[in-house]
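Analysis of the macromolecular model
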Amino acid sequence: MLGDQFALFVSSVVDYAIFMLDPTGVITTWNEGAERIKGYRADEIVGKHFSIFYPLEDARNGKPDWELEVARREGRYQEEGWRVRKDGTRFWASVVITAVRDETGRLCGFGKVTRDLTEQRAQEIQRNVERDREAMQLRAHAERMADLERTKTEFLNLASHELRGPLTVLRGYNSMLEDGSIPPDQVPAVARILDAKLAQMDLLIEQMLETARLEHDSLELFRDRFDLGDVAQEQLDVFRPLAQGQFFVMSGTDVPLVVEGDRARIGTIIANLLDNALKYSPEGGEICVTMGCRDSMASVSVRDHGLGIARDHLPLLFTRFGRLPTEHNVTIPGTGLGLFLCKEIAVRHGGDITVRSAPGVGSEFTLTLPVTTG
Ligand SMILES: Nc1ncnc2c1ncn2[C@@H]1O[C@H](COP(=O)(O)OP(=O)(O)OP(=O)(O)O)[C@@H](O)[C@H]1O
Ligand SMILES: [Mg+2]
């Protein structure tokens, strides 16, 4: 009675394929789980050899018989591997084959329990993919942190190096003022030099702060409407007295070029372009500032007749600390932050900065910004 109930139970289990094989591997019983997992009804599979469930290459290599041999010798065989359903599709199976012996020890056959682990395997693969992705994100984060660390060190090195220059000048003039070696009539001229040095230090500190804001994504742009021509004119007025052998010429359209954005920062972009035009044309010459408008983009170009830029160096221009490794740059001060910041800010306004340059001939940097309509 109990045996009947147990047989009934086995036959109705649906999550596991549970069936018997005779000592040669021929299927003798079949349950509901087996039908569900493998797709065969009892009447079409009982009497067939169980190697039918194996991928062709495994069956050809004698794997099924080898498994029975292991079960015969060890009592059981267990593995996870590919099996084949009636419709030819594969599934990932957990398999246990147990040798069944009567009380005299004679082998009556094998009990086989198979479970379909395809879903678990898919989940595991998915988990692995997610783990890999997390590991990749962690690695990227670690690299970013290392990059930030390097940037910080570069910042500190640059700040100390670049600030030391103007500081030395300030200290020198201060001690001359202290011991009275500057005649009173020269004090205004000295004050102007000190002013310029202080402005240099201010600019450097501002550039560092802006770069830090960019790093932390905390750069907030103001939104004003203004005439780009006015801003260019203002900056020209600031830079004109700083020319040493260079002279500025402004040309282009007289109509207002109304753009929208952070007026002070757009001013800084033009200031950087003018500063570079002066710094990198040590022999002097014309610096032409041209206003223009094309395809709804307003533009300011600053063209110098200076050192120019080698083609190989162009990709370095807009990178952080991207000073070019030229012989002139050894004596020309700079941090290599100017154009990097200019480009970032231009792009955040929906604009850009482009460059055309030839070594020994000169360079032209162009800032473009969308024109505001309406
Ligand atoms: N008009 C130009 N002509 C030739 N080279 C230029 C010109 N403008 C920039 N460069 C080159 O590009 C480099 C990067 O310019 P960028 O303005 O970013 O830095 P910088 O002038 O060196 O320092 P700063 O941060 O003080 O502006 C410069 O070091 C210089 O070698
Ligand atoms: Mg510069």
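The structure displayed is predicted, hence computed values, not measured ones.

1. Examining helix α5 (residues 63-74)
The end-to-end C-alpha distance of α5 is 16 Å, a good match for the 16 Å that 12 residues give at a rise of 1.5 Å each. Looking only at α5, the buried set comprises Glu-67, Leu-68 and Ala-71. Projected down its long axis, α5 carries its buried residues within an arc of 100°, all on one side. Across α5 from its buried face, at more than 90 degrees, point the exposed residues Trp-66, Glu-69, Arg-73 and Glu-74.

2. Notes on unusual backbone geometry
For Asp-295, which is not a glycine, the phi torsion comes out positive at approximately 50°. As for its position among the elements, Asp-295 is in the loop between β8 (285-294) and β9 (297-303). A residue is classified by how many C-beta atoms lie within 10 Å of it, and Asp-295, with 7 of them, is exposed. The residue Phe-321 is not glycine, and still its phi comes out positive at about 60°. Residue position: Phe-321 is located in the loop between β9 and α10 (338-348).

3. Here we look at the sheet that holds strand β2 (residues 76-84)
Backbone hydrogen bonds are what pair the strands of a sheet, in a parallel or an antiparallel way. Here we have 4 strands laid out as an open sheet, ordered β1-β4-β3-β2, and antiparallel in their pairing. Edge positions in the sheet fall to β1 (16-21) and β2, since each of these pairs with one other strand and no more. Averaged over neighbouring strand pairs, the angle between their axes works out to 25° when direction is ignored. Summarising the sheet, β1 and strand β4 (residues 107-116) pair through 6 bridges and their orientation is antiparallel. If you follow Met-20 over to β4, its bridge partner there is Gly-111.

4. Structural notes on the sheet that holds strand β10 (residues 352-358)
A sheet is described by the order of its strands in space; here 5 strands give the open sequence β6-β8-β9-β11-β10, paired in mixed fashion. Of all the strands in the sheet, the pair left with one neighbour each is β6 (246-252) and β10. Sheet twist, expressed as the average angle between the axes of neighbouring strands with direction ignored, equals 15°. With 7 bridges connecting them, β6 and β8 associate as parallel partners. Within β8, the position partnered with Gly-252 by the bridge is Met-291. Contacts from helix α8 (residues 228-239) reach β6, β8, β9 and β11 (362-370) within the one sheet, and its direction differs from that of β8 by about 170°. Running at roughly 135° to β10, α10 makes contact with β10 and β11 of the sheet.

How each quantity is defined
Residues numbered from 1 in each chain as written. Chains lettered and ligands numbered in written order. Predicted model: local features only at pLDDT ≥ 70, side-chain atom pairs only at ≥ 80, totals over all residues. Helix = DSSP H or I, 4+ residues; strand = E, 2+ residues; numbered from the N terminus. Expected span 1.5 Å × (residues − 1). Buried ≥ 20, exposed ≤ 12 C-beta atoms within 10 Å, placed from the backbone. Arc of directions from axis to C-beta. Pairing = 2+ DSSP bridges. Axes fitted to C-alpha atoms, helices over the stretch in contact; angles between N-to-C directions. Contact = placed C-beta atoms within 7 Å.

It is worth stressing that arrangement in space is one thing and function is another; only the former is reported here.
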